[in-house]
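# Chain and residue survey
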Amino acid sequence: MTLSPTPMHRYFFTILLLAISFSLPLALSTQEAKQQVELATLPPTDTDIADEEPDENPARPPLTDIQGHWAETQINNLYQTQVINGYGDGTFGPNDPVTRTQFLIIALRAFHYEAPDENYADFAHSIGLINNLDYWKNHGDAHVTRAEALKILLNAGSLTVGDELSPNFPDVDIVNDWFAVYSAFGKAQGIVTGDVEGNFNGNQNVSRAETCALTLRIMERLPSEIEG
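Residues numbered from 1 in each chain as written. Predicted model: local features only at pLDDT ≥ 70, side-chain atom pairs only at ≥ 80, totals over all residues. Heavy atoms only, no water.

From N to C terminus, the protein includes 9 helices and 0 strands. Start at the N end of the protein and walk to the C end: the helices and strands fall as α-α-α-α-α-α-α-α-α. Expressed as a percentage of the 228 residues in the protein, the buried residues total 34%. The long-range fraction of contacts in the protein, counting pairs at least 24 apart against all pairs at least 6 apart in sequence, stands at 66%. Carbon and sulfur atoms make up 55% of the accessible area of the protein, which amounts to about 14700 Å² in all. (Helix = DSSP H or I, 4+ residues; strand = E, 2+ residues; numbered from the N terminus. Buried < 20%, exposed > 50% of the residue type's maximum accessible area, 1.4 Å probe, protein only. Contact = heavy atoms within 4.5 Å. Areas by Shrake-Rupley, 256 points an atom, 1.4 Å probe, with all protein chains shown as cover.)

Here's what the structure looks like:
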């Protein structure tokens, strides 16, 4: 004889089936969530790190107007190390003059100074690179002379100039020219050379190419390597 389940037994089995039907999806969803968390917290692979940290100093596109120029090597050196920049059209303009603001930026970059909030003149004045702050701030588009360029770069490089006035360039008045000590030091150390006639031309504008050559010569000289 087959026994049929009592009403109480039917009720019990119904509750059991309902419990199983609800708990199974919940268990599956909990396991899936756990797997997602574990996947999100996996350490990055070498490929991920390489993608997140690209080369900080990639080669810059070549300047189009310095090939064959007497300062091509010096210009390219400072260009690739991002001390200087070219114009938007890819040229450099090696024979163009340099403005005061441009020159301060170059000097500060070359010797690893960091001017806060782009107040280049204020910062340069605070560390002794320039004297007449108002003039430099109000005439940032004026051009820098060869004498000014030499003084600023020597000071930026922390080179001790001293007070020697000779030997000097024939066109430098050692009594009246304020830059006589700088031109004498530059000549003695081979940092600056004269023109074809041997003159310094301290009051003439310095060109962008001359700025690069002068900057690099001073960058390559440590204070301990300077004689006298």
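Moving on: the nonpolar core. Counting 49 residues, the largest nonpolar core has Ile75, Ile84, Leu154 and Ile191 as the members making the most contacts within it. Mapped onto this core, the elements with two or more residues apiece are helix H3 (72-80), helix H4 (100-110), helix H5 (120-126), helix H6 (133-138), helix H7 (146-156), helix H8 (180-188) and helix H9 (208-219). Considering every element that reaches this core, the biggest residue donor is H7, with 7 residues. Leave out the neighbours within four places in its chain, and Ile75 touches Leu63, Ile66, His69, Ile84, Phe92, Pro94, Ala209 and Cys212. (Core = buried A, V, L, I, M, F, W, Y, C linked by side-chain atoms within 4.5 Å.)

This part is about the pattern of salt bridges. Scanning all chains against the criterion turns up 3 salt bridges. A salt bridge links Lys137 to Asp122, with the nearest nitrogen and oxygen atoms 3.3 Å apart. In this pair, Lys137 sits in helix H6 while Asp122 sits in helix H5, placing the two residues 15 residues apart along the sequence. Judged by its relative accessible area of 30%, Asp122 falls in the partly exposed class. (Salt bridge = Lys/Arg side-chain N within 4 Å of Asp/Glu carboxyl O.)

In terms of burial, H4 is a largely internal element, 8 of the 11 residues being buried. Three or more residues of H4 are buried, namely Arg100, Phe103, Leu104, Ile105, Ile106, Ala107, Leu108 and Ala110. Here the buried face of H4 lies against H5, H6, H7 and H9. At the C-terminal side of H4, His112 shows a positive phi close to 65°.

Tracing the sequence through the fold places Thr99 in the loop between H3 and H4. Of the residues examined, Thr99 reaches a relative accessible area of 14% and is grouped as buried. Residues contacting Thr99, with those up to four places away along its chain left out, are Gly140, Asp141, Ala142, His143 and Val144.

Angle between the axes and distance between the axes: these two values describe a pair of packed helices. Close contact between H4 and H7 brings their axes to 10 Å; oriented N to C, the two are set at 25°. It follows from the interaxial angle that H4 and H7 lie roughly parallel. The handedness of the crossing between H4 and H7 comes out as right-handed. The segment H4 lies against H7, with Arg100, Phe103, Leu104 and Ala107 engaging Glu148, Ala149, Ile152, Leu153 and Ala156. In terms of residue class, the contact of H4 with H7 is made up of 7 nonpolar, no polar and 2 charged. (Axes fitted to C-alpha atoms, helices over the stretch in contact; angles between N-to-C directions. Parallel < 35°, antiparallel > 145°, perpendicular 65-115°, else oblique. Left-handed = near helix turned anticlockwise from the far one by under 90°. Nonpolar A, V, L, I, M, F, W, Y, C, P; charged D, E, K, R; others polar.)

Residues Ser166 and Pro167 are joined by a peptide bond in cis, for which omega reads 0°. In this structure, Pro167 sits in the loop between H7 and H8. Unlike most non-glycine residues, Ser158 shows phi in positive territory, near 60°. On the secondary structure map, Ser158 appears in the loop between H7 and H8. Located in the positive-phi region is Asn201, a residue other than glycine, with phi close to 55°. Turning to its location among the elements, Asn201 is positioned in the loop between H8 and H9.

Right, let's talk about the confidence of the model for the protein for a bit. Close reading of the predicted structure is inappropriate where its pLDDT is low. Across the protein, the average pLDDT comes to 79, with 71% of residues at or above 70. Here residues 26-55 is a poorly scored stretch, pLDDT under 50, and it has 1 contact once near neighbours within four places are set aside; other chains count. The low-confidence segment residues 224-228 (pLDDT under 50) makes 6 contacts with residues lying over four places distant or belonging to another chain. (pLDDT = per-residue confidence, 0-100.)

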